[in-house]
Amino acid sequence: MDAGAPSPLAPDLLDRADLRAALIEHDFAAVFTLIKKWGGLSQNKIGAACQLTPGKVSTIINGGQRVTSFDVVCRIADGLRIPGRLLGLAPRSWESQPAQQPAEPSGDRAADDIPWRPDATAHLVAGLTRSDLVMDRRAMARALTVAAVTGTALLDPLEGWLRPSAKPVRPPRRGRLGARDVAELEKSARELRQWSRRFGGALRRRAVLGQLSEVAEALDEHQTPAVETGLYRGMAQLAGTAATMAWDAGLHRRAQDYYRLGLRAAHAGGDLVFGANVLAGMARQMLYRDRPDDALQLVQFAQEGAREVMGPRVRAMLHTREAWAFAAQGRLAGFERATARAAEALADAGPGEDEPYWIAYFDRAELAGVTGGRLLELARRDPRRHAERAAADIRTALSARGTEAGRGHTLDLIGLAECRFLLGDIVGGAAEAGRAIEVSRLSRSGRVRAQLEQLYPYTVEHHASGPVREARDGIRDLLSS
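Presented here is an overview of the structure given in this document. (Residues numbered from 1 in each chain as written. Predicted model: local features only at pLDDT ≥ 70, side-chain atom pairs only at ≥ 80, totals over all residues. Heavy atoms only, no water.)

Across its full length, the chain holds 22 helices and zero strands. Out of the 481 residues belonging to the chain, those deemed buried represent 54%. Summarising the internal contacts of the chain: among those between residues at least 6 apart in sequence, 71% fall at separations of at least 24. Roughly 21300 Å² of accessible area belongs to the chain as shown, and the carbon and sulfur atoms make up 49% of that amount. (Helix = DSSP H or I, 4+ residues; strand = E, 2+ residues; numbered from the N terminus. Buried < 20%, exposed > 50% of the residue type's maximum accessible area, 1.4 Å probe, protein only. Contact = heavy atoms within 4.5 Å. Areas by Shrake-Rupley, 256 points an atom, 1.4 Å probe, with all protein chains shown as cover.)

Here is the structure:
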């Protein structure tokens, strides 16, 4: 199938819990049966898409033959446009292709066409929040299939970040807000950000969107310069949280829309440090989408735009994004160098450092957790070289922070379980997986679910062990809920 060809499956079909469970277990008899029943595809169409004969499809459905060939599994993934993570594969090459994707609900005007002017940024909010607040299940299913923007289309429109902000066109009405209102907005943005960090994106997304809409309305009036600056800074933080929540919900393109809005709002409010943080978030998204080159350029944008004003914790965080990109590129020396720079920068961060509240989380435990996660990715290719060190760093993070770290703590537990399996410690891997499953029940994060999907195949390979079976059943129950 062409890289740009549309999927033969309806977008919401892959949301079915029974189909996802069958895909994770490589039970293609069940996969093909469910696709026939709920997707409306005949055996001939399934076979044509997967380069299998109709007779072979029939034999698989009847249980006469299991699919064990890696090449055939890849042909099924590519032919039916099944994301690699659902089959325990790496992301497929077509997953980053935007061609012939269904249109995602969007604002009235593309963000790339809007000038980097404060008033234009405020007007952008209305279209974004309006379409999201009225999104129904069908629109959500369509939006889930839209690929993130990458390459030149992503990077070129961000050049405005590096130029001074233009003066806004003043609206005719005078506003009535004061410093107290700005303080209340900052408090609300902070609480919503902390909620997202602990529990994931779904539950309070509409609250964030509603706040964004209200800030845009306030900016439609002529506020005092100090209030206006505070509103843009609050808008930037809310947009950053909306981006994280959209990403957690699987809405990668919409997450990018809010990231870009957050960057524009930070630019309008003169908050270069938070703008760098937004770019770091965009880089992380590109790394999850297997686009390390784009991620590295986004980090460089952040460093260039905020080099003179960012503190040691922000510098350290950006170095870890560099290290992540280098690891994804297979540049181990670059990974080690950037990780060492992150540690050096963090060593300069004392209790008296005047840095924003949103970067306070980045401490030695966070550095250990991030580094352990990157080493785990390297260990999937070379477990003997990297798995033990990955486990050591993850354990350091777990010993220094508890469940209050929310999503990060949960991801650490899942990562440690995978390390044990990679090291051949099946009993230890099952025990760690059990701990991870219990904590994962408290999270609605899409990234937690994705990591559990990554862990699941290790539990399928060891049918005889009771603890492994329990872990497998627990992950399956979570993924199907």
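Text resumes after the structure shown.
As a further point, take the pattern of salt bridges. Scanning the model with the defined rule gives 20 salt bridges in all. Note that Arg20 and Glu453 form a salt bridge whose closest N and O atoms lie 3.0 Å from each other. Of this pair, Arg20 sits in helix α1 (residues 17–24) while Glu453 sits in helix α21 (residues 446–460), and the two are 433 residues apart along the sequence. When sorted by exposure, Arg20 lands in the same class as Glu453, which is buried. (Salt bridge = Lys/Arg side-chain N within 4 Å of Asp/Glu carboxyl O.)

A word on the environment of Phe32. Counting through the fold element by element, Phe32 comes out in helix α2 (residues 28–39). For Phe32, a relative accessible area of 0% translates into the label buried. Apart from the residues lying within four places of it in its own chain, the contact partners of Phe32 are Ile46, Leu52, Val57, Ile60, Ile61, Ile76 and Leu80.

The subject of this paragraph is the nonpolar core. By size, the foremost hydrophobic cluster in this structure holds 112 residues, and its most contacted members are Leu212, Met235, Leu261, Leu279 and Leu298. In terms of residues, this core owes the most to one element, helix α11 (residues 225–248), which gives 12 residues. When near neighbours in sequence (up to four residues on either side) are disregarded, Met235 contacts Thr121, Ala122, Val125, Leu212, Val215, Ala216, Leu219, Leu261 and Ala265. Grouped together as the second largest cluster of nonpolar side chains are 30 residues, Leu19, Phe32, Leu41 and Leu87 included. (Core = buried A, V, L, I, M, F, W, Y, C linked by side-chain atoms within 4.5 Å.)

Below, the discussion takes up the environment of Gly334. Summarising the element assignment, Gly334 is placed in helix α16 (residues 332–347). Residue Gly334 is classed as buried on the basis of its relative accessible area of 4%. Residues Gly334 and Ala323 lie 11 residues apart in sequence; the distance between their C-alpha atoms is 6.7 Å.

So, about the environment of Leu80. With respect to the helices and strands, Leu80 occurs in the loop between α5 (70–79) and α6 (118–133). Sequence separation between Leu80 and Ala48 is 32 residues; the distance between their C-alpha atoms is 9.9 Å.

Here the focus is the side chain of Glu432. One can find Glu432 in helix α20 (residues 426–440). If we skip the residues at most four places from it in the chain, Glu432 touches Leu413, Leu416, Ala417 and Arg420.

So, on to unusual backbone geometry. Residues other than glycine predominantly adopt negative phi, and peptide bonds predominantly adopt the trans conformation. Unlike most non-glycine residues, Gln51 shows phi in positive territory, near 60°. One can find Gln51 in the loop between α3 (43–50) and α4 (54–61). Even without being glycine, Asp290 reaches a positive phi, approximately 60°. Within the secondary structure, Asp290 is located in the loop between α13 (272–288) and α14 (292–306).

Turning our attention to the packing of helix α19 (residues 407–422) against α20. The contact between α19 and α20 brings their axes to 7 Å, and the two run at 165°. What the angle tells us is that α19 and α20 run roughly antiparallel. α19 and α20 meet at a crossing whose hand is left-handed. Seen from α19, the contacting residues are His409, Thr410, Leu413, Ile414, Leu416, Ala417, Arg420 and Phe421; seen from α20, they are Ile426, Gly428, Gly429, Ala430, Glu432, Ala433, Arg435, Ala436, Val439 and Ser440. Taken together, the residues of the contact of α19 with α20 sort by class into 10 nonpolar, five polar and three charged. (Axes fitted to C-alpha atoms, helices over the stretch in contact; angles between N-to-C directions. Parallel < 35°, antiparallel > 145°, perpendicular 65-115°, else oblique. Left-handed = near helix turned anticlockwise from the far one by under 90°. Nonpolar A, V, L, I, M, F, W, Y, C, P; charged D, E, K, R; others polar.)

Aromatic ring pairs are reported here in terms of the distance separating the ring centres and the angle at which the planes meet. The full count for this structure, using the stated rule, is six aromatic pairs. Relative to Phe32, the ring of Phe28 lies with its centre 6.2 Å away and its plane at 45°, an arrangement referred to as tilted. Here Phe28 and its partner Phe32 are both found in helix α2, four residues apart, which amounts to about one turn of the helix. Here the two residues Phe28 and Phe32 agree in accessibility, since each one is buried. Between Tyr361 and Phe362 the ring centres are 6.0 Å apart and the planes differ by 80°, which places this aromatic pair in the edge-to-face class. Taking relative accessible area as the criterion, Tyr361 reaches 22% and is therefore assigned partly exposed. A residue is classified by how much of its surface remains accessible, and Phe362, at 1% relative accessible area, is buried. One aromatic cluster is present, formed by Trp247, Tyr288 and Trp324 through successive ring pairs. (Phe/Tyr/Trp six-rings, centres within 6.5 Å; stacked < 30°, edge-to-face > 60°.)

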